[in-house]
Amino acid sequence: MSGVVVAIDGPSASGKSSTARAVAERLGFAHLDSGALYRGLTLVALREAARRDPSAAEPLAVVDAETVLRAAEDRGLMLQSDGVGFSTYVDGEPADSAIRAADVTVHASSVAAVPTVREWVNIHLHGLVRAGRDVVVDGRDIGTVVFPDALLKVFLTASPEARASRRISQRGMRIDPASLAEEAKLLAARDHADSTRATAPLQRAGDAVELDTTRLDFEEQVARIVALARERLERR
Ligand code: CDP
């Protein structure tokens, strides 16, 4: 028996993960962050690349995708249920902080552009939902590719400035014009890579509800999505 899926897609720092988690809590669903698997595979790629060639600048130049996927199995990359969400494990240890490191963030888009990598992630996501849990899944292609029959699809957007300032605040750093410009540049590069790749590019599903969160407060955006999901659950 498959669980109910609410899909939340959108660009980097549009607030997907925190929104998805809060929506999942209110609905009594689990929060499944697909980005954690792409980040986990990127961490595995970096560890494998460092083992083979410590001076390598680009992990996929040292290890191919097949090697990364095999290493992911060997190193036990997995998401394990931890109440509302899932924790990431690599090499038998919790890796939730390691997968958020700056070098993982920089290389995640190129790892995520490889079709076999995306197939591996999608098989794992389907497996977790087939286990029967109702989930809020966030990512870039959840409503378009991974769960096209989701009960509700939401596409979150926000202005580049709003997204950059959220990312800096998340790190607990001070927002000044220079750091804002630098962060906006990094986000724009990742948006470009994610939107122009050949396989499963970031795009809004035709039947997704678009929510621009630039001027919405967090509580408001969560409440809107929860109301939409409840409406659809009642209509089923
Ligand atoms: O940093 P942010 O929260 O925006 O990214 P993330 O959701 O943790 O995802 C990290 C990277 O994985 C993204 O830059 C995408 O390249 C990739 N990704 C993807 O391609 N498809 C998904 N469904 C989720 C993430």
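None of the values given here were measured: they were computed from a predicted structure.

Rules used throughout
- Residues numbered from 1 in each chain as written.
- Predicted model: local features only at pLDDT ≥ 70, side-chain atom pairs only at ≥ 80, totals over all residues.
- Heavy atoms only, no water.
- Helix = DSSP H or I, 4+ residues; strand = E, 2+ residues; numbered from the N terminus.
- Buried < 20%, exposed > 50% of the residue type's maximum accessible area, 1.4 Å probe, protein only.
- Contact = heavy atoms within 4.5 Å.
- Areas by Shrake-Rupley, 256 points an atom, 1.4 Å probe, with all protein chains shown as cover.
- Domains from an automatic or database assignment.
- Buried area = accessible area lost by both parts, 1.4 Å probe.
- Salt bridge = Lys/Arg side-chain N within 4 Å of Asp/Glu carboxyl O.
- Near = heavy atom within 4 Å.
- Polar contact = N/O pair within 3.5 Å; in protein donor to acceptor, adjacent residues only side chain to side chain.
- Pairing = 2+ DSSP bridges.
- Axes fitted to C-alpha atoms, helices over the stretch in contact; angles between N-to-C directions.
- Core = buried A, V, L, I, M, F, W, Y, C linked by side-chain atoms within 4.5 Å.

**Student:** Sorry, what's going on with the overall build of the protein here?
**Tutor:** Each helix and strand counted, the protein has 10 helices and eight strands in total. Seen through its C-alpha atoms, the protein measures out along the principal axes to roughly 55 × 50 × 30 Å. Residues counted as buried form 49% of the 236 residues belonging to the protein. A fraction of 75% describes how many contacts in the protein between residues 6 or more apart in sequence connect residues 24 or more apart. When the accessible surface of the protein is split by element, carbon and sulfur atoms take 53% of a total near 11200 Å².

**Student:** I'm lost on the domain arrangement of the protein in this one. Help?
**Tutor:** Frequently, the measure chosen for interface size is the accessible area that the parts lose on association. Taken domain by domain, the protein holds domain 1 (1-29 + 135-236) and domain 2 (33-133). Inter-centroid distance (C-alpha atoms) of domain 1 to domain 2 is 20 Å. Taken together, the contacts link 24 residues of domain 1 with 20 residues of domain 2. Taking both sides of the interface into account, the surface hidden between domain 1 and domain 2 amounts to around 1800 Å²; carbon and sulfur atoms contribute 54%. Counting across the interface, domain 1 meets domain 2 through one salt bridge.

**Student:** How should the site of the ligand be read in this particular structure?
**Tutor:** Near the ligand, the surroundings consist of 19 residues, among which Arg39, Arg118, Arg190, Asp194 and Arg197 are the closest. The side chain of serine 109 places a nitrogen or oxygen atom 3.2 Å from an oxygen atom of the ligand. In the environment of the ligand, a nitrogen atom lies 3.0 Å from a nitrogen or oxygen atom belonging to the backbone of arginine 140. For the ligand, whose free accessible area comes to 520 Å², the fraction covered by protein is 97%. Among the elements of the structure, α2 (34-52), α5 (102-112) and α9 (177-196) are those that each provide at least two residues to the shell around the ligand.

**Student:** What is the right way to look at the sheet that holds strand β6 (residues 135-139) in this model?
**Tutor:** Strand pairing in a sheet relies on backbone hydrogen bonds. The paired strands run either parallel or antiparallel. The strand order across the open sheet formed by five strands is β2-β6-β1-β7-β8, and the pairing between neighbours is parallel. Each end of this open sheet is capped by a strand with a single partner; those strands are β2 (30-33) and β8 (209-212). Adjacent strand axes in the sheet meet at a mean angle of 20 degrees when their direction is disregarded. By the bridge criterion, four bridges tie strand β1 (residues 5-9) to strand β7 (residues 152-157) in an arrangement that is parallel. Among the inter-strand pairings, valine 6 is bridged to a residue of β7, identified as leucine 152. Lying over the sheet, α2 contacts β2 and β6, oriented at roughly 40 degrees with respect to β2.

**Student:** Is there a simple way to think about the pairing of β2 in this case?
**Tutor:** Neither face of β2 is left uncovered, since the one carrying Ala30 and Leu32 and the one carrying His31 and Asp33 both have all their residues buried. Note that β2 and β6 share four bridges and pair parallel. Bridging from a neighbouring strand, histidine 31 pairs with valine 136 of β6.

**Student:** I would appreciate a short explanation of unusual backbone geometry in the present structure.
**Tutor:** Among all residues except glycine, the phi angle is most often negative; among peptide bonds, the trans geometry is most common. Although it is not a glycine, aspartate 91 sits at a positive phi angle of roughly 55 degrees. A residue is classified by how much of its surface remains accessible, and aspartate 91, at 34% relative accessible area, is partly exposed. Backbone geometry at alanine 200 places phi at a positive 45 degrees, although glycine is not the residue there. Mapping alanine 200 onto the fold places it in the loop between α9 and β8. On the accessibility criterion, alanine 200 (12% relative accessible area) is buried.

**Student:** Is there a simple way to explain the nonpolar core in this structure?
**Tutor:** In a soluble, globular protein the nonpolar side chains are often hidden away together inside. Core analysis: the largest hydrophobic core is formed by 40 residues, its most contacted members being Leu32, Leu41, Val117, Trp120, Leu125 and Phe147. It is α2 that contributes the most residues to this core, nine residues altogether. There are two domains that each give this core at least three residues, and those are domain 1 (1-29 + 135-236) and domain 2 (33-133). If sequence neighbours within four positions are ignored, leucine 32 has contacts with Leu79, Phe86, Leu125, Leu128, Val129, Val135, Val136, Val137 and Asp138. Ranked by size, the runner-up nonpolar core spans 20 residues in total, among them Ala24, Leu152, Leu156 and Leu211.

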